[in-house]
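Listed below, chain by chain, are the residues.
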Amino acid sequence: MKQIAVIGAGTMGNGIAHVFAQHGCSVHLIDVSQPALDKALQTISKNLDRQLSKGGITEDVKNSTLQNITTFTSIAAGVAAAHLVVEAATENIGLKLKIFEELDQHAPAATILATNTSSISITRIAAATKRPGQVIGMHFMNPVPVMKLVEIINGYATTKSVTAEIVALSEQLGKVPCVVNDYPGFIANRILMPMINEAIYSLYEGVAGITEIDTVMKLGMAHPMGPLQLADFIGLDVCLSILQVLHDGFGNPKYAPCPLLVNMVTAGYLGVKSGEGFYKYSAGSKDLVVSERFAG
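If you're wondering where the values come from, they're calculated on a predicted model, not measured in any experiment.

(A) Quick look at the packing of aromatic side chains. On inspection of all chains with the given rule, the structure shows four aromatic pairs. Taken together, a centroid distance of 6.4 Å and an interplanar angle of 70° make the contact between Phe-20 and Phe-140 edge-to-face. Residue Phe-20 is found in helix H1 (residues 11-22), and its partner Phe-140 is found in strand S6 (residues 135-140); the two are separated by 120 residues along the sequence. Considered together, Phe-20 and Phe-140 belong to a single accessibility category, that of buried residues. Look at Phe-278 and Phe-294: their rings are 5.7 Å apart centre to centre, the planes differ by 35°, and that puts the pair in the tilted class. Placement of the pair is Phe-278 in the loop between helix H12 (259-267) and strand S9 (279-280) and Phe-294 in the segment after strand S10 (289-290), with a sequence separation of 16 residues. By relative accessible area, Phe-278 is classed as buried at 0%.

In structure tokens, the structure reads:
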């Protein structure tokens, strides 16, 4: 698998493109927005510079990685010769189904179609194609160039040979693949999101403040960041979307999103991406400052 197409030039898409290109693959990075593609290339270059400054790669590796990436605004053109397509568009079922219908039309018959979805059913996505056996989940973790895990999700019809190919490819990328089955939230988010939701409920109910909740989990459970900071990093809108998938999929009230989370997303306080969530973020600052809305 040397010809890879990546759909979506956002945070996950550019990270996935970066990793494949760094490992010698020819990558077609596809997005409807040329400015988004230009920004993605800038981000990849900046992240490569960071690796270079830490001695993780050489100048030659940086240059070859960038040379391995070509941008497209057309799915049809971008996937025409792909061995594998990895979709990393917004976590929206309608959008993903539309993309996979288009991929099915334009990608070669032997092409494997993967989705980086963090919670949406692989089986449902596969049903939008005429090749459900060749549809699989490749859930990379953010930031993709750094995080080792790839959650490999089998849809109901995914063939064993396709799973084996994707596991082997993930290992070639220096990742650690973990194969799971297609149920709401898979494993990563089925366990993570209820924890984040419970942390938000603890804040909502006045059990403790933001700093206290995050400190308990960092120092008591050895988490690298607290659940509220992590929610900001993931995006509160993404957290809400995943919890809704869990709630709808299982019909269990334990997955019901906290009203505080719903209100924050409705008001546009999405975490790092919007500049404020549980914490407030400013360009160039690494200080963790609790949002004034929760101060005192």
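(B) Representation of the side chain of Thr-65 in the model. Assignment of secondary structure puts Thr-65 in helix H3 (residues 59-67). The exposure class of Thr-65 is buried, given its relative accessible area of 0%. Looking at Thr-65, its side chain comes within polar contact range of the main-chain oxygen of Val-61, at 2.7 Å. Discounting chain neighbours no more than four positions away, the residues touching Thr-65 are His-18, Ala-21, Gln-22 and Leu-48.

(C) Summary view of the pattern of salt bridges. A complete count under the given rule lists six salt bridges for this structure. The salt bridge partner of Lys-273 is Asp-237, with a shortest N-O separation of 3.0 Å. Of this pair, Lys-273 sits in the loop between H12 and S9 while Asp-237 sits in helix H11 (residues 236-250), and the two are 36 residues apart along the sequence. Overall, Lys-273 belongs to the exposed group, its relative accessible area being 51%. Looking at Asp-237, the relative accessible area reads 26%, which means it is partly exposed. For the salt bridge of Glu-276 with Arg-293, the shortest nitrogen-to-oxygen distance reads 3.9 Å.

(D) Quick look at the domain arrangement of the protein chain. Domain parsing of the protein chain yields domain 1 (3-181) and domain 2 (187-289). The C-alpha-based centres of domain 1 and domain 2 are spaced at 26 Å. In this complex, domain 1 contributes nine residues to the contact, which on the side of domain 2 involves seven residues. Summed over both sides, the interface of domain 1 with domain 2 buries roughly 610 Å², with 58% coming from carbon and sulfur. A per-residue breakdown of the area domain 1 buries against domain 2 is headed by Ser-118, Ser-119 and Glu-151, which together make up 51% of the total. Applying the counting rule to domain 1 against domain 2 returns zero salt bridges. Our enumeration of links across domain 1 and domain 2 arrives at three residue pairs in polar contact (both at pLDDT 80 or more). Of the residues in the side of domain 1 that touches domain 2, the class split is three nonpolar, four polar and two charged.

(E) Just the UniProt feature "domain: 3-hydroxyacyl-CoA dehydrogenase C-terminal" (unreviewed entry) in the protein chain, in detail. Per the UniProt entry, the sites bearing "domain: 3-hydroxyacyl-CoA dehydrogenase C-terminal" (unreviewed entry) are residues 185-281 in this numbering. As annotated, residues 185-281 comprises 63% helix and 2% strand, and the C-alpha atoms at either end are separated by 28 Å.

(F) Structural view of helix H7 (residues 160-172). End to end, H7 covers 18 Å across 13 residues, agreeing with the expected 18 Å (1.5 Å per residue, within 8%). Following H7 by one or two positions, Gly-174 has its phi on the positive side, about 80°.

(G) Representation of the UniProt feature "binding site: NAD(+)" (unreviewed entry) in the protein chain. Cross-referencing UniProt, the feature "binding site: NAD(+)" (unreviewed entry) maps to Gly-8, Ala-9, Gly-10, Thr-11, Met-12, Gly-13, Asp-31, Glu-91, Lys-96, Ser-118, Asn-142 and Lys-273 in the present numbering. On the basis of relative accessible area, Gly-13 is assigned to the buried category, the value being 1%. If near-sequence neighbours (up to four positions away) are discounted, Gly-13 is found in contact with Val-6, Gly-8, Leu-29 and Ala-88. For Lys-96, the location among the structural elements is in helix H5 (residues 93-106). Looking at Lys-96, the relative accessible area reads 1%, which means it is buried. Those residues within four positions of Lys-96 in sequence are excluded, and the remaining contacts are Glu-87, Ala-89, Thr-90, Glu-91, Thr-115, Thr-117, Ile-120 and Ile-125. A distance of 2.4 Å separates the side chain of Lys-96 from the side chain of Glu-87, its partner in a polar contact.

(H) Local environment of unusual backbone geometry. In this structure, Pro-143 follows Asn-142 across a cis peptide bond, with omega equal to 0°. Position of Pro-143 relative to the elements: it lies in the loop between S6 and strand S7 (149-154). Residues other than glycine seldom take positive phi values, yet Ala-222 does so here, at roughly 60°. Summarising the element assignment, Ala-222 is placed in the loop between helix H9 (210-221) and helix H10 (227-234).

Analysis parameters
Residues numbered from 1 in each chain as written. Predicted model: local features only at pLDDT ≥ 70, side-chain atom pairs only at ≥ 80, totals over all residues. Heavy atoms only, no water. Phe/Tyr/Trp six-rings, centres within 6.5 Å; stacked < 30°, edge-to-face > 60°. Helix = DSSP H or I, 4+ residues; strand = E, 2+ residues; numbered from the N terminus. Buried < 20%, exposed > 50% of the residue type's maximum accessible area, 1.4 Å probe, protein only. Polar contact = N/O pair within 3.5 Å; in protein donor to acceptor, adjacent residues only side chain to side chain. Contact = heavy atoms within 4.5 Å. Salt bridge = Lys/Arg side-chain N within 4 Å of Asp/Glu carboxyl O. Domains from an automatic or database assignment. Buried area = accessible area lost by both parts, 1.4 Å probe. Nonpolar A, V, L, I, M, F, W, Y, C, P; charged D, E, K, R; others polar. UniProt positions renumbered as here; feature names shortened; annotations may be inferred. Expected span 1.5 Å × (residues − 1).

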